[in-house]
Each structure stands twice: as C-alpha cells, then as structure tokens.
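Summary of the model geometry
Each chain, written out:
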Amino acid sequence: GGTNVQNMAGNWTVSVSQVDENGNLVYGPDDLFGIADVTLYTYNTAANTVTEMWIDDRGNFWDFKFRVPIDYAAGTFSATDIPYNPDMQEIADAKAAGTPLIDEDGEELVAETATITDAKIMLGAGHNLHGLPTDSISFYISFDDDADAQTYGWTKWHVHGQRHTGFSSGTE
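1. What about the side chain of S15?
- Mapped onto the elements, S15 comes out in strand β1 (residues 10–19).
- The class of S15 is buried, set by a relative accessible area of 15%.
- Within the structure, S15 has its side chain in polar contact with the side chain of D37 (distance 2.7 Å).

As structure tokens, this is what we get:
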C-alpha cells in the first residue's frame, strides 16, 4: 500500500520559466538567472489525507515548502497567499496569535506568500528520455516578494516537467 496521495506524490524534474499574466513566455528556462531544470517533490502530509499534500523544492528554486489543498480525483492543486516555507509560516502564526515577531530594528516581520494556480498532475502524459510514458506536472506560481518580476516584466513562474523514473541521463 501507498499513501493516500500516491498518484500525486513524486520526485519531479521541472523547468521554470517566467511568464506574463496570460501565461506568455517572458523568459524561458536558463535565460535570465541560469535556472534550468530543478528537482521538486510532492508528498503526503503526516495526516495522510486525500485533501492536501506537501510541495517542496528543497531550496532548488525559491526555497518553498508548504501544504497545498488538492483535488485528488482530478489531480489538481492550488494555493492562494500561503506562507511559502516554515519560516514564513512561523511569522504568520505568531501574528495570528497576537504576538507578531519583531526584527532587530524593531519592525514587525511580514510573512512572504505564494500563490499557485492552474496546477495539475497528469498521469501518463509525459515522456522520459527513452520516449516511454511518465507522469507530468504543470502549474503557475507567484511570490509576493519576487522583486525581479516588475523589473523584468513577468507576473508568475510556469513550473512544468515530469516525474523522475529512476533513469539518469540529464532531463528525463
């Protein structure tokens, strides 16, 4: 037996591109910051429910790790203005409890957040380096602390790729 989110859980090799509000490419993988293929993980929560999972880049892209609500039957997930890592969650929790965290200058810390839209895991829709079917993932993510977005003209990042199959030879 697997977990309750086993069809959505995995080790993913994804590309990240900067896109405008309509999803049009502004900068492709490796164009601006040298970010090409990165590893992303999706996995069950401790509660092992079919209503949420973790999404985690383990510092490979933006240093995000948070629980996202999912529709397991549809293979979709989304999040709106969610603190995007444990540090940001701690800041948000402290504020919600009425004891905001203060920095060394006496300023209240603010939790940076992320929004994920149009997220889908598609079983058998990708192909590995040998041309065999594998699962694919695609979503848009924006970060409220993305200082480069306005400067360079994008509004969000398109993250897309495929589940790691165990074969190693560059991108699978």
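There is more to say after this.
2. Details of a negative patch on the surface
- Side chains of D63, D87, E90 and D93 sit close together on the surface and give a patch of like negative charge.
- Among the secondary structure elements, D93 is positioned in helix α1 (residues 86–96).

3. With respect to the side chain of S136
- If you trace the backbone, S136 turns up in strand β8 (residues 133–143).
- A relative accessible area of 10% places S136 in the buried class.

4. Looking at α1
- Residues M88, I91 and A94 constitute the buried set of α1. Seen end-on, α1 carries its buried residues on one side only, within an arc spanning 125°.
- On its buried face, α1 sits against β6 (76–83).
- Phi turns positive one or two residues past the end of α1, at G98, with a value near 85°.

5. Some details on the packing of aromatic side chains
- A complete count under the given rule lists 13 aromatic pairs for this structure.
- On the numbers, 5.4 Å between centres and 80° between planes, the contact of Y84 with F143 is edge-to-face. Of this pair, Y84 sits in the loop between β6 and α1 while F143 sits in strand β8, placing them 59 residues apart in sequence.
- Judged by its relative accessible area of 6%, F143 is buried.

6. Some thoughts on unusual backbone geometry
- Residue R58 is not a glycine yet carries a positive backbone phi of 45°.
- If you trace the backbone, R58 turns up in the loop between β4 (52–56) and β5 (65–71).
- For R58, a relative accessible area of 52% puts it in the exposed group.

7. Observations regarding the pattern of salt bridges
- Using the criterion set out here, one finds four salt bridges in the structure.
- Two residues, E52 and R67, come together in a salt bridge whose shortest N-O distance is 3.7 Å. Here R67 lies in strand β5 and E52 lies in strand β4, a separation of 15 residues in the sequence.
- The exposure class of E52 is partly exposed, given its relative accessible area of 23%.
- D56 is the salt-bridge partner of R58, the closest N and O atoms lying 3.8 Å from each other.

The rules behind each value
Residues numbered from 1 in each chain as written. Predicted model: local features only at pLDDT ≥ 70, side-chain atom pairs only at ≥ 80, totals over all residues. Heavy atoms only, no water. Helix = DSSP H or I, 4+ residues; strand = E, 2+ residues; numbered from the N terminus. Buried < 20%, exposed > 50% of the residue type's maximum accessible area, 1.4 Å probe, protein only. Polar contact = N/O pair within 3.5 Å; in protein donor to acceptor, adjacent residues only side chain to side chain. Patch = residues over 30% accessible without salt bridge, like charges linked within 9 Å, V, L, I, M, F, W, Y side chains within 5 Å. Areas by Shrake-Rupley, 256 points an atom, 1.4 Å probe, with all protein chains shown as cover. Salt bridge = Lys/Arg side-chain N within 4 Å of Asp/Glu carboxyl O. Lys, Arg positive; Asp, Glu negative; His and termini not counted. Charge placed at Lys NZ, Arg CZ, Asp CG, Glu CD. Arc of directions from axis to C-beta. Contact = heavy atoms within 4.5 Å. Phe/Tyr/Trp six-rings, centres within 6.5 Å; stacked < 30°, edge-to-face > 60°.

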